[in-house]
Structures are given as structure tokens and as C-alpha cells.
Amino acid sequence: MDLSCPVPITNYDKITLAHGGGGSLSNQLIEKMFLKELGNSYLEEGHDGAIFDLPGKLAMSTDSFVVNPIFFPGGDIGKLAVHGTVNDVACCGALPKFLTLALILEEGFPMEELWLIIQSIGQAARDAGVQIITGDTKVVEKGKGDKIFINTSGIGYVPEGRDISPSNCRPGDIILINGNIADHGVAIMSSREGLEFETSIESDTQALNKLVESVFSVTKDIHVLRDPTRGGLSSSLNEIAKASNTGIEIYEKQLPLSEEVKGACEILGLDPLYIANEGKLLVFVPEEHADNVLKAMKQLPEGKNSCIIGRVDNKSPGMVRMKTSIGSSRIVDMISGEQLPRIC
Amino acid sequence: MKYVEEYRDMDLVRKISGEIHRTCSKAWKIMEICGGQTHSIMRYNLEEFLPDKISLIHGPGCPVCVTPLELIDKAIELAGKDDVILTSFGDMLRVPGSESDLLKVKAHGGDVRMVYSPLDAVKIAENNPGKKVVFFAVGFETTAPANAFSVIEAKRKNIHNYSLLSSHVLVPPAIKAILSSPGSEIQAFLAAGHVCTVMGYEEYIPLAAEFNVPIVITGFEPVDILQGILASVRQLEQGVARVENEYSRVVSREGNKAAQESMNKVFTTIDRKWRGIGIIPESGLALSEEFSDFDAEKIFGLEKIEKQESPLCIAGEVLQGKKKPTECPAFGKECTPENPLGAPMVSSEGACAAYFRYKH
């Protein structure tokens, strides 16, 4: 990432315990870094919390971010922390409006890297149209954390007439996704120490709230929205099948997957169905609206590769099946634990 | 993706499947040796393309599954030592020992690291001269050459804080043991393509002759496996038994000479215990005298231990093809991938895990 602005704090090049102590160094961080990059009327109030208005039914979500490495191809922990929570709120059918931001920093963390991450958070929040309205910073002794951990919580409101829930999935629903799966997990793996393979695969981390709105612009009759993150596509589909007691069938031939990710998975013995995404949207929609929703999704850059990957039926309730590329049928189960590479 | 998708071609699969149906007139029991093949069979549900008369029996070719309990306990003991960094392929970390597993040792502060190549373990040794780095060397003839090479490299670079906890096993002695075991019903074998890439297939010729079984060198994609089954059925129907290479795009008769040389240099053949099966003569590889300085069992003076398996687990019978995973009373109940009683439920190539994932 380009360092667009110089680091605004020059008297300390690393985070010290005092930066989390609530005194003058904490204030310096808030004023010179956080307010400068994330500032808005709520933050500038300097209050213990934020007071705000939102109409009607509200949706809320929280997520913690501990990704390693903190900078990876296609993104960084800051961007991820905004997108992750925005997407969870958006997948409730809500318009995400406000985020909280809590940082846990390890003593000795380079100020320059913190600045890059804060700028990245600012940019991602502006792009997604959300504001960070309250926050907190703590510093732990060296060795008691790992560089930086971030928690964000998000809140938004659900416009009238929307009813999104995994249990709303119905036989006959068509399942859409907005593009290639498994990019995020493979991008992270390729940049981890000890697993050196060169790829141009980038994380798909992106905010999905505008894409969700494009879906609702076609019809309010959307049954389920889900961003399949950790555990990959298979975990999300299994959760939805169980919650609604329906059967889900996906078509292997129609699963969008880049050639590079396919190759990396073949070499490492990984199944892309179980690999994390950070910018994918699953939409369950009644068949009569499927074509129009697909068209609307394709209008946006984050939806240009949208396609149909399966449908819901009442065979095998609670289970996910896959029509394989050779025409047979098999179960797609949830993953247990981390996916580990094969050894021969 | 080139060189992969051609072998996952629906039309070709249907064509070979039709040919198998036309050729097969009697009931046949065919064992695929390799766990990678078992995984493929389940992942593509290849049994859907076979006549009911053909039963596929899943063999012991998953190195994680056959590594004896005692050796896992030794790895766990080493991992708990303050001056040791235990390195391993990912699959071994969750395999249950008699009381713990390596991930639990790691959670208790043991330095356990997952590596993707034994050369990475050598690198860790080089970077941590104050520690003893042990690589838990598990695998068939496919992984043995790379593990041997890591020892050769360590010796060349004068790295003496590196050692192997060796649990290598060999395929042909296992085939022999299965065929010699009383009540064996296996009538043909799909030999493991990647093992033969390294070793060639000459050593299978006397086996096919002695036991009168067709042995077909087979790859891992749907088209490969069905082609291997077709070749086996053809031989069985004609009453012949010979070694046939259906994976000639990577397997030659002699195999990979350079890989064999490093193996022969570093390892020597020994009798080895297979988890769930017992001792199979001449079926394992241990470090030879010349490289005994790199043998973790000798360096750490690990004692001989005997351990009992969970009485509920029928992994031994599953690994010998005598029972299907679903015939185990613990399958999916006391034994699941989250809480495995036996290794075949842990490894992605284990028959129990494959059944659980794709068939339960």
C-alpha cells in the first residue's frame, strides 16, 4: 500500500504501554491519528459513547479480527475489520450506518504500520458509507499479543418489508453468488511464512452493502443473505440447510473459481468449498425473481461475476448435496477444525 | 485446468463406465491401496458408475492411519520437551495418541510446528541452533525420498540439531500381508500411482504371479480410477493376473532412480508395526547406520512402549478391507472427525473420514 500521508506522530516510532494508558499519549493517538483519519461529529464530541438516531427495526453484529499476516495481497486487517462487520449487518437485510472500533495493540508495534491500518480503516468506511462513532485502544506488553487485534461492532436499520433469516430458505429458491470463491483463504495462505508459493491471487475483501441494496432494488422477496467467510461456502450452506430443514443442491460445474485458486488447491490438497471468503454474497431468492436479481447484481463491480450455483429442494432435508463435474451426486459436509494439507 | 480436467470428463467417465458394465459378468472384490484414491472415489461417488457386482475395498494406504500409536506417543513426548521443536505435516497433528495429540501438546506450550516440506524443518534447525528440531517423518515411498534428502542436506550443511522420527512404510509388503492373511477376499489391486512414480512397478510383478491377482497401477482422477477398475475387471474376467500400467503418463517401469538412490542411501528396511494391523515383515524404513546421528529415537533414547487401542475402534479391520467404516458401531457416534477414536477418522485420506464426509 502507498503511504499516502506521512505518519502524524513523530516523537514515538513504536507503540508504548503509555499509548493505552488514557493519558496524554493516548490523547495524542486519538487526536493526531484517529480523529484526523476517521473524524466525524460523533467522534469529535469527545464523549464516552455516541448518541444517535436510527429509524425502525435495527440490526447489529460484532466481529474480532486477528488475521496473520496483518498485510496480505488485496488488503489488510483494517480493511477486513470494516468489511467483515459491514457485511454481517448488510446480510441481515439492513443498511449499515455506524461502527465501533476497538484496537488491542502489542507494545512495540510500529507507529507507521498503525497509521497504514488506520488510513485503510478510514478509506474502507468512507467507501462503504459507514461512520466510526466510538472506539477504544488498549496496549498489552510485548509478547502478550500479536501486533494488532481489532474488534468492530456495527449497527444499521432494516427497511420496512424485508425479512431475512436462514430459516426462511424454501424449496424452489435459487442460490446466487457474486463471483469466485476461496480467493481470501488462498491469498492469506500464500503469504504465510513457511508456505512460500507465488501467486497473483488477491483477497476478495470488499463491502457488500451496496450489492445487497441492488438485490433489494429488484424485490423485497429475498429469503436468505449470507456472506460465507470462515468455513467457506460449505459451512454457510450447511447452516442454512439445517436452519430451514431444506435440502440444498449445488452444481460443481457452475461454481466460480479462478484457475490460480484451482491450481493452488490441487497442489496443497485443499477443497475450495471450505476456504474462507471475505467479499462474497450468497442470495437465496424465489425462482421467479432469480434472473432479474442476477441482472441487477451484475451491474455493480462487486457483482459482475455473479452466477447461479444451486437450488433448494425438499430431498434430504438439512443436508447439502453436490452434482459433481462428472454427473454423480455426493454430500457436502461441514468442515471439522482447520483444513490441513494432505501429506501424499 | 490442463492435465486435470481431461481426467474429470463426464463423457469419458460415462464411456468407461459403460465398458465396465459390459465387461463385468461376475462379482469381484477390488482393493484400492491408496487413501488418495479412496478420497477420490468418495468425492466423485464413483460407485454410482459401477455395476453392483463390483465391490471396492479400501486399503491401508494412508500413512497417517497406519502410524502406530506408540510412535505418536513418542512424538508427543518429544514435543513436550523444552529444548525440542517438533515439526510435522499437518495431518499428523490431530491424530490421537493413547492420551493426547500434538495439537493439545501445542496448546500446553509445546513447540509444535506444521511444515509443508522436510527441508523447511531443516531450515528451522539452521535458524534455531540452541534447539533440537525433530521432523515426524511419516509416509510411504512417495514421501520417503524427500525426507531422506532432508537428512542428506542437514549432513552436508553440518546441521546436527536436526533429526527424523521415522515412521516410513512400504506398499508391496502390505499387499503381500493382506493377500496372505487368512480369509482375504481381495481379487485385484489398484496400485498407488504416486508410489509407483517413485519406485516403478517391477516389484509388483512377482506379487501378481505368486498370488494370482491382477495389479493395475492407477492414478487419482475419476477417469484414472475407472480405467484402473476396467483393466482389473478385464483381467479377472479373462482369468489372467498381471501387472498393468494405467498411469503411464507419470509411471515408468523403473521409476525415479534419483529418488530411490537417496532413499537407499539414508534408509534401511526393517520390520514395522502398522497401526491396527500389526507387524509386517520388511515393511518399514529406518535410518541406516551411516545416518544414525539423525535418528531421533536413538538421540533421545526413547523407550520401547506398548499401547492398547480403544476397544471400540475397528480401524485394523477397516484398513485391511475386512469391514466398511459404516459397519463400525462407533462410526459417527463415539467416533467423529471432531473426536476421532482412530486415525482413519482424522486424515483426509482415511476411509472413515471419507465416509463420514461424503456418505454418512
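Everything in this summary refers to the structure shown in the same document. (Residues numbered from 1 in each chain as written. Chains lettered and ligands numbered in written order. Predicted model: local features only at pLDDT ≥ 70, side-chain atom pairs only at ≥ 80, totals over all residues. Heavy atoms only, no water.)

This part is about the overall build of chain B. Each helix and strand counted, chain B has 15 helices and eleven strands in total. Taken against the 2.2 N^0.38 rule, which gives 21 Å for 360 residues, the C-alpha radius of gyration of chain B at 20 Å falls within 12% of a compact globule. The principal-axis extent of the C-alpha atoms belonging to chain B is close to 65 × 45 × 45 Å. The buried share of chain B, taken over its 360 residues, is 60%. For chain B, contacts bridging at least 24 residues in sequence account for 78% of all contacts bridging at least 6. Across chain B, the 40 positively charged side chains and the 48 negatively charged ones have centroids separated by 2 Å. (Helix = DSSP H or I, 4+ residues; strand = E, 2+ residues; numbered from the N terminus. Rg over C-alpha atoms; globule rule 2.2 N^0.38 Å. Buried < 20%, exposed > 50% of the residue type's maximum accessible area, 1.4 Å probe, protein only. Contact = heavy atoms within 4.5 Å. Lys, Arg positive; Asp, Glu negative; His and termini not counted. Charge placed at Lys NZ, Arg CZ, Asp CG, Glu CD.)

A few words on the overall build of chain A. Across its full length, chain A carries nine helices and 13 strands. Computed over the C-alpha atoms, the radius of gyration of chain A is 21 Å, within 12% of the 20 Å expected from 2.2 N^0.38 for a compact globule of 344 residues. Taken along its principal axes, the extent of the C-alpha atoms in chain A is 65 × 55 × 30 Å. Evaluated residue by residue, chain A yields a buried proportion of 56% over its 344 residues. Look at the contacts in chain A between residues 6 or more apart in sequence, and 85% of them connect residues 24 or more apart. Put simply, chain A shows about 14,500 Å² of open surface, and 49% of that area lies on carbon and sulfur atoms. Measuring between centres, the 31 positive side-chain charges of chain A sit 5 Å from its 46 negative side-chain charges. (Areas by Shrake-Rupley, 256 points an atom, 1.4 Å probe, with all protein chains shown as cover.)

So, about the interface of chain B and chain A. Taken together, the 40 residues of chain B in the interface contact 28 residues of chain A. In total, about 2,900 Å² of surface goes out of reach between chain B and chain A, with carbon and sulfur atoms giving 56% of it. When residues of chain B are sorted by the area they lose upon contact with chain A, B:Met1, B:Tyr116 and B:Arg357 head the list and together hold 21% of the total. Our count for the contact surface shared by chain B and chain A stands at three salt bridges. Measuring nitrogen to oxygen at the nearest pair gives 3.6 Å for the salt bridge that ties A:Asp271 to B:Arg357. Between chain B and chain A we count seven residue pairs in polar contact (both at pLDDT 80 or more) in total. A per-class count over the side of chain B that touches chain A returns 18 nonpolar, seven polar and 15 charged. (Buried area = accessible area lost by both parts, 1.4 Å probe. Salt bridge = Lys/Arg side-chain N within 4 Å of Asp/Glu carboxyl O. Polar contact = N/O pair within 3.5 Å; in protein donor to acceptor, adjacent residues only side chain to side chain. Nonpolar A, V, L, I, M, F, W, Y, C, P; charged D, E, K, R; others polar.)

A few words on the sheet that holds strand β11 (residues 278–287) of chain B. All names here are of chain B. Taken in spatial order, the six strands line up as β4-β3-β5-β6-β11-β10 in an open sheet, and their pairing is mixed. The open sheet is flanked by β4 (111–114) and β10 (267–274), the only strands paired with a single partner. Strand-to-strand twist in this sheet, taken as the mean axis angle between neighbours without regard to direction, amounts to 25°. Sheet topology note: the β10/β11 ladder contains seven bridges and is antiparallel. Counted as the bridge partner of Thr 269 is Leu 285 from β11. Lying over the sheet, helix α4 (residues 69–79) contacts β3 (84–88), β4, β5 (132–139), β6 (162–169) and β10, oriented at roughly 165° with respect to β6. Sitting on the sheet, helix α8 (residues 171–180) touches β6, β10 and β11, and the angle it makes with β11 is about 175°. (Pairing = 2+ DSSP bridges. Axes fitted to C-alpha atoms, helices over the stretch in contact; angles between N-to-C directions.)

Let's shift gears to the environment of A:Ser167. Residue and element names in this part refer to chain A. Inspection of the secondary structure assignment puts Ser 167 in the loop between β6 (148–158) and β7 (174–177). Overall, Ser 167 belongs to the partly exposed group, its relative accessible area being 34%. Sequence-distant contacts of Ser 167, defined by excluding residues within four places in its chain, comprise Ala 243 and Ser 244. Side-chain polar atoms of Ser 167 contact the side chain of Ser 165, separated by 2.9 Å.

For the structure shown, the criterion picks out 27 salt bridges over all chains. For the salt bridge of A:Lys280 with A:Asp204, the shortest nitrogen-to-oxygen distance reads 3.0 Å. With A:Lys280 in the loop between α8 (259–268) and β10 (282–285) and A:Asp204 in the loop between α5 (183–190) and α6 (209–216), the pair connects residues that are 76 residues apart, well separated along the chain. Of the two residues, A:Lys280 and A:Asp204, neither departs from the other in class, the shared state being buried. Taking the shortest distance from any N to any O, the salt bridge between B:Lys104 and B:Asp101 comes out at 3.8 Å. A relative accessible area of 11% places B:Asp101 in the buried class. Within the structure, one salt-bridge network assembled from shared partners comprises A:Glu249, A:Asp313 and A:Arg321.

Here we take up the packing of helix α1 (residues 24–38) of chain A against helix α4 (residues 111–128) of chain A. Residue and element names in this part refer to chain A. One way to put it is that α1 packs onto α4 with a least axis distance of 8 Å and a crossing angle of 30°. The orientation of α1 relative to α4 falls into the category roughly parallel. The residues of α4 that touch α1, namely those facing Leu 29, Met 33, Phe 34, Lys 36, Glu 37 and Leu 38, are Met 111, Leu 114, Trp 115, Ile 118, Gln 119, Ile 121, Gly 122, Gln 123 and Arg 126. Split into classes, the residues belonging to the contact of α1 with α4 amount to nine nonpolar, three polar and three charged. (Parallel < 35°, antiparallel > 145°, perpendicular 65-115°, else oblique.)

Residues and elements named next belong to chain B. By the definition in use, this model includes six aromatic pairs over all chains. Centre to centre, the rings of Phe 331 and Phe 356 are 6.1 Å apart; their planes meet at 65°, and the pair counts as edge-to-face. Taken together, the residues Phe 331 in the loop between α14 (315–319) and α15 (351–358) and Phe 356 in helix α15 connect sequence positions 25 residues apart. For the residue pair Phe 331 and Phe 356, the accessibility class agrees, reading buried in each case. (Phe/Tyr/Trp six-rings, centres within 6.5 Å; stacked < 30°, edge-to-face > 60°.)

Core analysis: the biggest nonpolar cluster contains 58 residues, and B:Leu78, B:Leu102, B:Phe136, B:Leu165, B:Phe189, B:Tyr204 and B:Ile215 have the highest contact counts within it. If near-sequence neighbours (up to four positions away) are discounted, B:Leu165 is found in contact with B:Leu71, B:Lys74, B:Ala75, B:Leu78, B:Val134, B:Phe135, B:Phe136, B:Ala137, B:Ala296, B:Glu297 and B:Leu302. Grouped together as the second largest cluster of nonpolar side chains are 38 residues, A:Met33, A:Val86, A:Phe109 and A:Ala125 included. (Core = buried A, V, L, I, M, F, W, Y, C linked by side-chain atoms within 4.5 Å.)

Residues and elements named next belong to chain B. Pairing is parallel in the open sheet, where five strands are placed in the order β2-β1-β7-β8-β9. This sheet does not close on itself; its edge strands, each paired only once, are β2 (54–61) and β9 (243–245). Here the average twist between neighbouring strands, direction ignored, is 25°. Relative to β9, strand β8 (residues 215–218) runs parallel, the two sharing three bridges. Paired with Ile 217 across the strands is Asn 245, a residue of β9. Packed on one face of the sheet, helix α2 (residues 35–43) meets β1 (28–34), β2, β7 (188–192) and β8 and runs near 120° to β1.

Residues and elements named next belong to chain B. Mapping Thr 67 onto the fold places it in the loop between α3 (63–66) and α4. Polar contacts involving the side chain of Thr 67 include one to the main-chain carbonyl oxygen of Pro 63, which spans 2.7 Å. Once residues within four sequence positions are removed from consideration, Thr 67 is found in contact with Ile 72, Met 92, Phe 136, Val 138, Ser 167 and Arg 275.

Taken as a whole and assessed by the stated rule, the structure comprises zero disulfides over all chains. Take A:Cys265: it sits in no disulfide, and the sulfur closest to it among the cysteines is that of A:Cys307, at 17 Å. Judged by relative accessible area, A:Cys265 falls into the buried class, the value being 4%. Summary of cysteine pairing: B:Cys335 is not part of a disulfide, and the nearest cysteine sulfur, belonging to B:Cys313, is at 6.1 Å. (Disulfide = S-S within 2.5 Å.)

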